[in-house]
Amino acid sequence: MAAGSRRWRRCVLAVLLGLIPAASAWSAASCAQGVLEALGWQFSEADVAAPVVHAGPVCERADLRQAQAAGDLRVRLPRQWSAQQRQAWLPTLFDDPGTVCAYAFKLGAATRRATTALQNNDGFRFSALQLGWIGFGAGGAQAKGWERFRSFGRGYQPAEANSAALQTFYEGRVRAECGVGRQVAQLATQRELYGDAAFDREFSPDELSIGTFLTLHETDSILLGRHAGEFLADGKAKQTALRGRQAFVGTPGFIEHVFERKYLDDINNQAENFVVVDVSDAAARALREHEGFAYYDQINRRIWALAQRMPGPGPRRFERLLIERDPIWRREVPAEQQPLLKELDALLDDPFYQGFLIYVHPRGIRPIGYHIARLLDRNPRTPFAIELGLHNLHTTLYRRWIQAQLRQCAAAPVPPVTQPHSQAEQR
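K.L.:
I'd love a proper account of the pairing of strand E13 (residues 364-367), names of residues and values included.
P.N.:
Bridge count for strand E12 (residues 356-360) against E13 is four bridges, and the pairing is antiparallel. Note that in E13 the partner of Ile-358 across the bridge is Arg-366. Hairpin connection from E12 to E13: three residues lie between these consecutive antiparallel strands.

What follows is the structure, encoded as structure tokens:
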């Protein structure tokens, strides 16, 4: 067992025991079991010498209902175990990859709520001309619930309630580039995951800093700063693709130009910072088959090379041809370019380009293929590559959420937890 896992387990036990000193061992175990059941685990008792755990390929499922219908997330506990034995063992299940994937269902739902709210706010915009890195408009940052700690709009943190500060991006008028948009989407996901009261309670203002990425490293930011903890570095998504579709949801990333800066025509579209919102089963299978993004970087290069052979007028020409598939624009493509157009269609019809949905400020939630086609118009002299950013969604932030759930359980009257059923009862 890794040292980090041992520390995590001791921490969970400390939460269970330290916050409810007068409770029985069964009460402590009930908190752990209650959190696990809320994530989807189903418990039963049987005549077994040791727990029998069947997590299943949870991250490959569409949702918790499908996972449970397939028999995932089942545990048989020894019937003869005492409350103390149950209490000692249950926290070990928080380390199980199946539990992390069950948490990913909740994280995915939170991501979709957050990004949908951000997408629906027409006042959250991106402009090349704005005062400072982030522009809060009339009244300034303080009026919108934020306070500045770096000059030129490069760093802000919530001034009062965390949830109120994030609400500004749901319904207020704010200008920021897509990197800040990604940060806000990540923080808003945590808000949706915790709920406002717990979000305000569990995070300090400095942990929710926004600004330039370099600025975040100098703060207690939970995204990239001192409180981020343990990162997963999987730039080309090779590990993530093996885990399954839910392992992608909520993760940050970026689409970045391949050739050097001198080949950029539109500096404001040199990269697309994103958060993954959803991944179809077909897209996940394609990513697993091709071992992540490196294969699609080659396809992006092929798409770019074909587009180079199709010169023509129009600022949104490839967006109209390849995404909107406008019949008028397509009829006007010269006959000698029609085979190229057909090949581009076939490449962009790949399940990855159609079923890998990302949120990019201010474009909203769209398939990643939309961005690859759009960038052919914005920066036609360079192909683009796709990367996942460093993230701690399934490490530090997961553990913090589990601990928060256990503290909430320990601080309140513990509701009855469904008792494990015997095999005889199940029959």
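K.L.:
Mind laying out the packing of aromatic side chains, listing which residues take part and the relevant values?
P.N.:
Evaluated as defined, the whole model comprises 21 aromatic pairs. Note on Tyr-103 and Trp-401: the rings are 5.6 Å apart at their centroids and 45° apart in plane angle, and the pair reads as tilted. Residue Tyr-103 is found in helix H5 (residues 97-119), and its partner Trp-401 is found in helix H19 (residues 396-411); the two are separated by 298 residues along the sequence. Residues Tyr-103 and Trp-401 agree in their burial class; the two are buried. When the ring of Phe-248 is compared with that of Phe-356, the centres are 5.5 Å apart and the planes differ by 85°; the resulting orientation is edge-to-face.

K.L.:
Account for the sheet that holds strand E4 (residues 124-125), with residues named and values stated.
P.N.:
If you walk across this open sheet you meet the three strands as E4-E8-E5, and the pairing is mixed. Of all strands in the sheet, those bounded by a partner on one side alone are E4 and strand E5 (134-135). Looking at chain direction, E5 and strand E8 (residues 174-176) are connected through two bridges and run antiparallel. Across the sheet, residue Ile-134 finds its bridge partner in E8, namely Ala-176.

K.L.:
Can you break down the side chain of Glu-177 residue by residue, with the values?
P.N.:
Structurally, the position occupied by Glu-177 is in the loop between E8 and helix H8 (178-194). Here Glu-177 is buried and forms no salt bridge, its nearest opposite-charge partner Arg-182 lying at an N-O distance of 9.0 Å. There is a polar contact of 3.0 Å between the side chain of Glu-177 and the backbone nitrogen of Gly-179.

K.L.:
Can you explain the confidence of the model for the protein? Please cite residues and give values.
P.N.:
With 89% of its residues at a pLDDT of 70 or more, the protein shows a mean pLDDT of 91. Scored below 50 in pLDDT, residues 414-419 shows ten contacts in the model against residues more than four places distant or in partner chains. Confidence drops under pLDDT 50 across residues 422-427; counting only partners more than four residues distant or on other chains, this segment forms eight contacts.

K.L.:
How would you sum up the sheet that holds strand E6 (residues 146-150)? Please name residues and give values.
P.N.:
On the basis of which strands lie adjacent, the open sheet formed by three strands has the order E6-E7-E9 and antiparallel pairing. Each having just a single partner strand, E6 and strand E9 (210-211) make up the two edges of the open sheet. Here E6 pairs with strand E7 (residues 155-158) via four bridges, running antiparallel. Across the sheet, the residue bridging to Trp-146 is Pro-158, located in E7. Contacting E6, E7 and E9, helix H7 (residues 162-171) runs over the sheet at an angle of about 90° to E6.

K.L.:
I'd like a description of the pairing of strand E10 (residues 252-257), backed by residues and values.
P.N.:
The two faces of the sheet receive side chains in turn, since in a regular strand these alternate between them. As paired strands, E10 and strand E11 (residues 271-279) are joined by five bridges and run antiparallel to one another. Looking across to E11, one finds that Ile-255 is bridged to Glu-272. Of the strand pairs in this sheet, E10 and strand E14 (residues 384-388) are connected by five bridges, and their pairing is antiparallel. Counterpart to Ile-255 in the pairing with E14 is Ile-386.

K.L.:
Give a description of the nonpolar core that names residues and reports values.
P.N.:
Membership of the largest hydrophobic core comes to 69 residues, with the highest contact counts inside it found for Trp-146 and Phe-169. Here the element with the most residues in this core is H5; it accounts for ten residues. The contacts of Phe-169, once residues within four sequence positions are left out, are Leu-118, Asn-121, Phe-124, Phe-136, Trp-146, Val-174, Val-184 and Ile-210. In this structure, Ile-255, Val-276, Leu-322 and Ile-372 belong to the second largest nonpolar core, which totals 42 residues.

K.L.:
Describe the side chain of Lys-144, listing the residues and the values that go with them.
P.N.:
Considering the arrangement of structural elements, one finds Lys-144 in the loop between helix H6 (140-143) and E6. Within the buried core, Lys-144 has no salt-bridge partner, and the shortest N-O distance to an opposite charge, that of Glu-171, equals 11 Å. In terms of polar contacts, Lys-144 uses its side chain to reach the backbone carbonyl oxygen of Phe-136, at 2.5 Å. Every residue in contact with Lys-144, bar those within four places of it in the chain, is listed here: Phe-136, Ala-138, Ala-164, Ala-165, Thr-168 and Arg-173.

K.L.:
A description of the state of the cysteines should follow, citing residues and the corresponding values.
P.N.:
In total, this model carries two disulfides according to the counting rule given. Through a disulfide, Cys-31 is tied to Cys-409; the S-S separation comes to 2.0 Å. Across the disulfide from Cys-31 to Cys-409, rotation about the S-S bond amounts to roughly -90°, and the bridge is consequently left-handed. With a gap of 378 residues between them, Cys-31 in helix H2 (residues 25-39) and Cys-409 in helix H19 connect regions that are remote in the sequence. The class of Cys-31 is buried, set by a relative accessible area of 0%.

Definitions and cut-offs
- Residues numbered from 1 in each chain as written.
- Predicted model: local features only at pLDDT ≥ 70, side-chain atom pairs only at ≥ 80, totals over all residues.
- Heavy atoms only, no water.
- Pairing = 2+ DSSP bridges.
- Helix = DSSP H or I, 4+ residues; strand = E, 2+ residues; numbered from the N terminus.
- Phe/Tyr/Trp six-rings, centres within 6.5 Å; stacked < 30°, edge-to-face > 60°.
- Buried < 20%, exposed > 50% of the residue type's maximum accessible area, 1.4 Å probe, protein only.
- Lys, Arg positive; Asp, Glu negative; His and termini not counted.
- Salt bridge = Lys/Arg side-chain N within 4 Å of Asp/Glu carboxyl O.
- Polar contact = N/O pair within 3.5 Å; in protein donor to acceptor, adjacent residues only side chain to side chain.
- pLDDT = per-residue confidence, 0-100.
- Contact = heavy atoms within 4.5 Å.
- Axes fitted to C-alpha atoms, helices over the stretch in contact; angles between N-to-C directions.
- Core = buried A, V, L, I, M, F, W, Y, C linked by side-chain atoms within 4.5 Å.
- Disulfide = S-S within 2.5 Å.

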